[in-house]
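A structural walkthrough
Single-letter residue listing:
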Amino acid sequence: RVAQLVPGLPQFPQKNGTVKLPLAYLLDRGLHVSGFSIGHARLFERQPLVLVAARGASSREVFELAHAIRTKVHDAYDIDIEMEVRSIGDDK
């Protein structure tokens, strides 16, 4: 289904029968969110997997940006993104 929504989407079949999809491709060419920002936090324009915290960014803004992107991907493609970064502390 996702491949029909995003033309040219590379797909990588896995031994367990699932298919791995490149998130950067979905963000950049599917959702066009490169440069999307919340407060002083944004997705890097040349690599949408990179979250940039500009001067003055709070950890809350970074967390909200990550959450917004996860929501956009889920709403558009019914895919749940696994966070690789773990947050520590109360400022979530």
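Residues numbered from 1 in each chain as written. Predicted model: local features only at pLDDT ≥ 70, side-chain atom pairs only at ≥ 80, totals over all residues. Heavy atoms only, no water.

A closer look at the packing of helix H2 (residues 23-30) against helix H3 (residues 59-77)
Between H2 and H3, the shortest axis-to-axis distance is 12 Å and the interhelical angle comes to 80°. Viewed along their axes, H2 and H3 adopt a mutual orientation that is roughly perpendicular. Residues Leu23, Leu26, Leu27 and Gly30 of H2 lie in contact with H3, whose contacting residues are Ile69, Val73 and Tyr77. (Axes fitted to C-alpha atoms, helices over the stretch in contact; angles between N-to-C directions. Helix = DSSP H or I, 4+ residues; strand = E, 2+ residues; numbered from the N terminus. Parallel < 35°, antiparallel > 145°, perpendicular 65-115°, else oblique. Contact = heavy atoms within 4.5 Å.)

A look at the pairing of strand E5 (residues 47-53)
The pairing of strand E4 (residues 41-44) with E5 spans 4 bridges and is classified as antiparallel. In the strand pairing of E5, alanine 41 is matched with alanine 53. Here E4 folds back onto E5, and the loop between the two strands holds 2 residues. (Pairing = 2+ DSSP bridges.)

Structural notes on the nonpolar core
In terms of nonpolar packing, the biggest core is built from 14 residues, with Val6, Leu9, Leu26, Ile69, Val73 and Tyr77 touching the most fellow members. Contributions of two or more residues to this core are made by H2, E4 and H3. Of all the elements, H3 adds the most residues to this core, at 4 residues. Discounting chain neighbours no more than four positions away, the residues touching isoleucine 69 are Leu27, Val33, Phe36, Leu43 and Ile81. (Core = buried A, V, L, I, M, F, W, Y, C linked by side-chain atoms within 4.5 Å. Buried < 20%, exposed > 50% of the residue type's maximum accessible area, 1.4 Å probe, protein only.)

As for the environment of valine 19
Counting through the fold element by element, valine 19 comes out in strand E2 (residues 19-20). Residues valine 19 and arginine 1 lie 18 residues apart in sequence; the distance between their C-alpha atoms is 12 Å.

Details of the sheet that holds E5
Strand order in the open sheet formed by 3 strands is E3-E4-E5, with antiparallel pairing between adjacent strands. Sheet topology places strand E3 (37-38) and E5 at the edges, where each strand pairs with a single neighbour. Contacts from H3 reach E3, E4 and E5 within the one sheet, and its direction differs from that of E4 by about 50°.

Brief notes about the confidence of the model for the chain
The predicted model of the chain averages 90 in pLDDT, with 93% of residues at 70 or higher. Ranking the elements of the chain by mean pLDDT puts helix H1 (residues 2-5) last with 86 and E3 first with 97. (pLDDT = per-residue confidence, 0-100.)

Observations concerning H3
The end-to-end C-alpha distance of H3, which contains 19 residues, comes to 27 Å, matching closely the 27 Å that a straight helix rising 1.5 Å per residue would cover. Residues of H3 that are buried include every one of Glu61, Leu65, Ala66, Ala68, Ile69, Val73 and Tyr77, and no others. Down the axis of H3, the sector holding all buried residues measures 160°, keeping them to one side. Residues of H3 that are buried make contact with H1, H2, E3, E4 and E5. (Expected span 1.5 Å × (residues − 1). Arc of directions from axis to C-beta.)

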